[in-house]
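# Overview (structure and organization)
What follows is the residue order along each chain.
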Amino acid sequence: MSLKELCFRFNFFYKLLPVHFLMKLANKSMILPFYHFVNDGENRLTRNLYQSKTKKQFIEDIQYLKTHFTALSINDLQLKKHSKNNFRFILSFDDGLANFYNVVAPILLEEEVYCINFLNSSFIDNKELFYRYKVNILIELMLKIKLSETKKESIIKLLELKKFNKKDIFKFLRNASIHQTTTLDTFAEIVEVSFSDFLEQEKPYMSKNQILELKNKGFGFGAHSKNHPRYSQLNLKDQLKETLESLLEINDLFSLKNNFFAFPFSDDGVKNEFFEIIVKEKMLTFGSSGLKDDEIETHYQRIPMEFNTIYSAETIIKGELIYYILKKLIGKHKTKRK
Ligand SMILES: [Zn+2]
């Protein structure tokens, strides 16, 4: 467990402190919480990766945020529309899931919160499946089925294991990178899972028309790379290619005027050089390091709201603030990318 989560666990230390007091202490006026998925019963996408909130928990989060912060849209950020004494939040969702269209958007319309969703250009219209969702499906299956000896042998060979051991298999699946997608696909063939059938039947991603419909209702959209690689595993050239090509495709598809980009997973491994090159694109970029300052003025860190345990928005936001204030005391509150 991370130090930050440990902070959340001990929330009785800080939960009585008013959030505005902590915001002032941290010298902050805006927070950017983000989610992926809100659970509405069946969840075949993320269950083995992290805990997603139920509709009820999500609505409680939104109402907490609305009580203490003013909801801004991403365009307000670009216009730098702020009033000094007001605490604000900008909500975002990642990955462009159909769950956003079916479950999240109706809640947000009701609550009058207009968030931005960051899309992977390769996944729109269910053309491809994110490798982590493949991992989720394979873990789910391995927990349920009993494999024949032949299939076990094939898995041992594929993963170069000494013997068939579910613990090692889960370890491989959990740690698999995008460069191991072919292995995941072969694994799926062995256990007779078809990702293309899954895409066709479950339609986990939004279609172009659904995105356009939400855009017309006031939701914002931005890019989130083409197929969601970890940027720390890419060289600069590929980082730029993933970023600029996905942005171009998404802006073109949905006639978007602004350049908004959220790094897939995180901005770990993204150096100053990257930002120096993209500066001419007039792009606003977003990371996922929680409450943290950045040397790059056009780069904003967002607060992840999903963990392996469910924490309320109050616990997470106050915990992030406490963690930030403590880090500031030792000068570790700012990302340095030398
Ligand atoms: Zn993502």
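None of these values were measured; they are calculated from a predicted model.

### What to know about the sheet that holds strand β5 (residues 70-72)
The pairing of strands in a sheet happens through backbone hydrogen bonds and is either parallel or antiparallel. Taken in spatial order, the three strands of this open sheet run β1-β6-β5, and their pairing is parallel. This sheet does not close on itself; its edge strands, each paired only once, are β1 (30-31) and β5.

### Describing the domain arrangement of the protein chain
Split by domain assignment, the protein chain resolves into domain 1 (3-129 + 220-335) and domain 2 (131-199). When each unit is reduced to the centre of its C-alpha atoms, the spacing between domain 1 and domain 2 is 30 Å. With 19 residues of domain 1 at the contact, the number on the domain 2 side is 17 residues. Of the roughly 1,800 Å² buried between domain 1 and domain 2 on both sides combined, carbon and sulfur atoms contribute 56%.

### Structural notes on the packing of helix α8 (residues 166-175) against helix α9 (residues 181-190)
How two helices pack is summed up by the angle between their axes together with the distance between the axes. At a minimum axis distance of 10 Å, the contact between α8 and α9 shows a crossing angle of 135°. On the basis of the axis angle, α8 is oblique to α9. Viewed along their axes, α8 and α9 form a crossing whose handedness is left-handed. Contacts between α8 and α9 involve I169, F172 and L173 on the former and, on the latter, T183, L184 and F187. Residue composition of the contact of α8 with α9, by class: five nonpolar, one polar and no charged.

### A word on the pairing of strand β9 (residues 220-223)
The alternating pattern of β9 places G220 and G222 on one face and F221 and A223 on the opposite face, and all of these are buried. Pairing of strand β8 (residues 116-119) with β9, which is carried by four bridges, proceeds in the parallel orientation. Within the sheet, the bridge partner assigned to I116 lies in β9 and is G220.

### As for a nonpolar patch on the surface
Residues M1, L3, L6, F10, F12 and F13 make up a contiguous nonpolar surface patch of about 710 Å² in total accessible area. Following the sequence through the fold, F13 ends up in the loop between α1 (3-9) and α2 (19-26). Exposure remark for F13: the relative accessible area of 65% places this residue in the exposed category.

### What to know about the coordination of the zinc ion
Bound to the zinc ion are the protein donor atoms D95 (OD), H224 (NE2) and H228 (NE2), situated 2.0 to 2.2 Å from the metal. Sequence spacing of the donors to the zinc ion: D-x128-H-x3-H. Separated by 133 residues along the polypeptide, D95 in the loop between β7 (92-94) and α5 (98-111) and H228 in the loop between β9 and α12 (236-253) bring together distant segments of the chain.

### Digging into unusual backbone geometry
The backbone of N126 shows a phi angle near 60°, a positive value even though the residue is not glycine. Secondary-structure assignment places N126 in the loop between β8 and α6 (131-144). The exposure class of N126 is buried, given its relative accessible area of 14%. At K282, a residue that is not glycine, the phi angle is positive and equals roughly 50°. Relative to the helices and strands, K282 resides in the loop between α13 (272-278) and β11 (283-287). The exposure class assigned to K282 is exposed, which follows from its relative accessible area of 67%.

Parameters and conventions
Within each chain, residue numbers correspond to sequence positions counted from 1 in written order. Where local features are concerned, this predicted model is filtered to residues with pLDDT of at least 70; where side-chain atom pairs are given and counted, the filter is 80 or more; whole-chain, interface and lining totals use all residues. To obtain the side-chain values, all non-hydrogen atoms of the structure were included, while hydrogens and water were left out. Here the rule is simple: two strands pair whenever DSSP picks up at least two bridges between them. The numbering of helices and of strands both runs from the N terminus, where a helix is a DSSP run of H or I of at least 4 residues and a strand a run of E of at least 2. Domain start and stop points were drawn from an automatic or database domain assignment. Residue contacts are defined here by distance: any two heavy atoms, one from each residue, within 4.5 Å place the two residues in contact. Two parts lose some accessible area (1.4 Å probe) when they are put together, and adding that loss for both gives the buried area. Only the stretch in contact is used when fitting a helix axis, every axis being a line fitted to C-alpha atoms; angles between N-to-C directions are given from 0 to 180 degrees. When an angle is under 35 degrees it counts as roughly parallel; over 145 it counts as roughly antiparallel; between 65 and 115 it counts as roughly perpendicular; any other value is oblique. We call a crossing left-handed when the near helix sits turned anticlockwise from the far one by less than a right angle, and right-handed when that turn is clockwise. All residues other than Ala, Val, Leu, Ile, Met, Phe, Trp, Tyr, Cys, Pro, Asp, Glu, Lys and Arg, Gly among them, are scored as polar; the first ten of these are nonpolar and the last four charged. Here the term buried applies to any residue with accessible area under 20% of the maximum for its type, exposed to any over 50%, and partly exposed to those in between, with areas from a 1.4 Å probe on protein chains only. Patch criteria: residues need more than 30% relative accessible area and no salt bridge. Like-charged residues are merged within 9 Å; nonpolar side chains of Val, Leu, Ile, Met, Phe, Trp and Tyr are merged within 5 Å. For the area figures, the Shrake-Rupley method with a 1.4 Å probe applies, and any residue is considered shielded solely by the protein chains shown. Here, a salt bridge means any Lys or Arg side-chain nitrogen found within 4 Å of an Asp or Glu carboxyl oxygen. Because no water is among the atoms considered, metal sites can look incomplete, with donors defined as N, O and S atoms within 2.8 Å of the metal, or 3.2 Å for Na, K and Ca.

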